[in-house]
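# Commentary on secondary and tertiary structure
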Amino acid sequence: MAGGGSGPVGSVAEDGGPSAPERVLFPPTFSVSEIKNKQRRHFMFLRWKQQQRKEKLAAKKKRRKEREALGDRAPPKAIPKTIENQRVYDETTVDPNDEEVAFDEATDEFAPYFNRQTVPKILITTSDRPRGRTVRFCEQLSTVIPNSHVYYRRGLALKRIIPQCIARDFTDLIVINEDRKIPNGLVLSHLPDGPTAHFRMSSVRLRKEIKRKGKEPTEHVPEVILNNFTTRLGHSIGRMFASLFPHDPQFIGRQVATFHNQRDYIFFRFHRYIFKSEKKVGIQELGPRFTLKLRSLQKGTFDSKFGEYEWIHKRREMDTSRRKFHL
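Here is what the cut-offs are and how they apply
Counting restarts for each chain, with residues numbered from 1 along the sequence as it is written. It should be noted that, the model being predicted, local features are given only for residues of pLDDT at least 70 and side-chain atom pairs only at 80 or more, the latter also being counted only at that level, while totals for whole chains, interfaces and linings use all residues. With hydrogens and water excluded, all non-hydrogen atoms of the structure serve as input to the side-chain values. In these notes, a set of buried Ala, Val, Leu, Ile, Met, Phe, Trp, Tyr and Cys residues joined through side-chain atoms within 4.5 Å is what counts as a nonpolar core. Categorising residues by exposure relies on relative accessible area from a 1.4 Å probe, with only protein chains included: less than 20% of the type maximum marks a residue as buried, more than 50% marks it as exposed, and the intermediate range marks it as partly exposed. Here, residues are in contact when the closest pair of their heavy atoms is within 4.5 Å. Boundaries of every domain are those given by an automatic assignment or by a domain database. Under the scheme used here, helices are H or I runs from DSSP no shorter than 4 residues and strands are E runs no shorter than 2 residues, and both carry numbers assigned from the N terminus. Multiplying one less than the number of residues by 1.5 Å gives the expected span of a helix. UniProt positions are given in the numbering used here, feature names are shortened, and annotations may be inferred rather than shown by experiment.

### Side note on the nonpolar core
Counting 37 residues, the largest nonpolar core has I174, F199, I237, F241 and I266 as the members making the most contacts within it. Sequence-distant contacts of I266, that is, excluding residues within four places in its chain, are made with F199, F229, I237, F241, F259, H260, N261, F290, T291, L292 and L327. Counting 10 residues, the second largest nonpolar core, distinct from the first, contains C165, L173, V175 and V187.

### Description of the domain arrangement of the protein
Along its sequence, the protein is carved into domain 1 (33-66) and domain 2 (85-319). Taking only C-alpha atoms, the centre of domain 1 and the centre of domain 2 are 43 Å apart.

### Some thoughts on helix α4 (residues 132-144)
With 13 residues, α4 should cover 18 Å at 1.5 Å per step; its first-to-last C-alpha distance of 19 Å lies within 8% of that length. Considered for burial, the residues of α4 that qualify are R133, T134, V135, F137, C138, Q140, L141 and V144.

### A closer look at the UniProt feature "domain: Brix" (unreviewed entry) in the protein
If you check UniProt for "domain: Brix" (unreviewed entry), the listed places come out as residues 120-303 in our numbering. In this annotation, residues 120-303 is assigned 18% helix and 40% strand; the end-to-end C-alpha distance for the span is 22 Å.

### Comments concerning the side chain of S296
Looking at the secondary structure, you find S296 in strand β10 (residues 289-298). Setting aside anything within four residues of it in sequence, one finds S296 in contact with T196, A197, H198, Y309, W311 and I312.

### Concerning unusual backbone geometry
Cis geometry is adopted by the peptide bond preceding P192, which originates at L191 and carries an omega value of 5°. Positive phi is not limited to glycine here, since R180 has a value of about 55°. Within the element layout of this structure, R180 appears in the loop between β3 (172-179) and β4 (182-190). Positive phi, normally seen in glycine, also occurs at R263, with a value near 55°. Checked against the element boundaries, R263 lands in the loop between β7 (255-262) and β8 (265-275). Judged by relative accessible area, which is 36%, R263 ranks as partly exposed.

The structure is reproduced here in structure tokens:
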């Protein structure tokens, strides 16, 4: 059929045989979001993502081959840009060799624990009339923290509970608050002189809700790992968590409690590690797991009316930059 206009996608080669179909390209300004049909738009988006993954994998293989060919002359690997390594510098970042920091550690409220003058004894309690999920969470938390005891509040105010705790030689008080039957807050008060930290709690998972979990934890004292508590405030929070656990972990139990700070969110995990061979080690999560976000740090024990606060999280003033962290 003769006539002008565009022909089919395929074309005829000079030798008379059909050539490979030409690749149809979208205009440079075309966007998948312009496709009206929802199913077609979704299909094209998945196809675009697949093409992106293939190109990324091909570029990665090409770089690896180039590095293998260069051998020792290969340039160092580029460090990817992340929010963490682009963090805004904080003048309160702790230097381990700083004499002022060493003096503060020797004279703060946690010094008796780190000097081995006190043995941790923890009271875990709840808000008034806790529901089943909060009760189970407290019971599981008591199996993670050695020498901890669970008592349920029956209308008692914290101001009345704290003197009783001090009289019975408790070193720390943990209060689990709930909202709509879900644990949503944690108050940690170091006794007898404070400080008191108030955390928002989220992403709580009990043991039965964790996939591929290990067997029930044993009574061995776990190891404690504190990650990324770099500022003076974070250093205080890390020492507060460390003072919940006895000094000498029982390595035969192979249990580890981890407090990992990332972008001011504190992720708690409880694992058991397993030696698969002389060189390979695997881990099993035991639970429970949860995430904490510091809301305030108060001097002394809990006092909601007349307490003096060292630090309060103010969202509109402090969260102006995604690269600014406080812990």
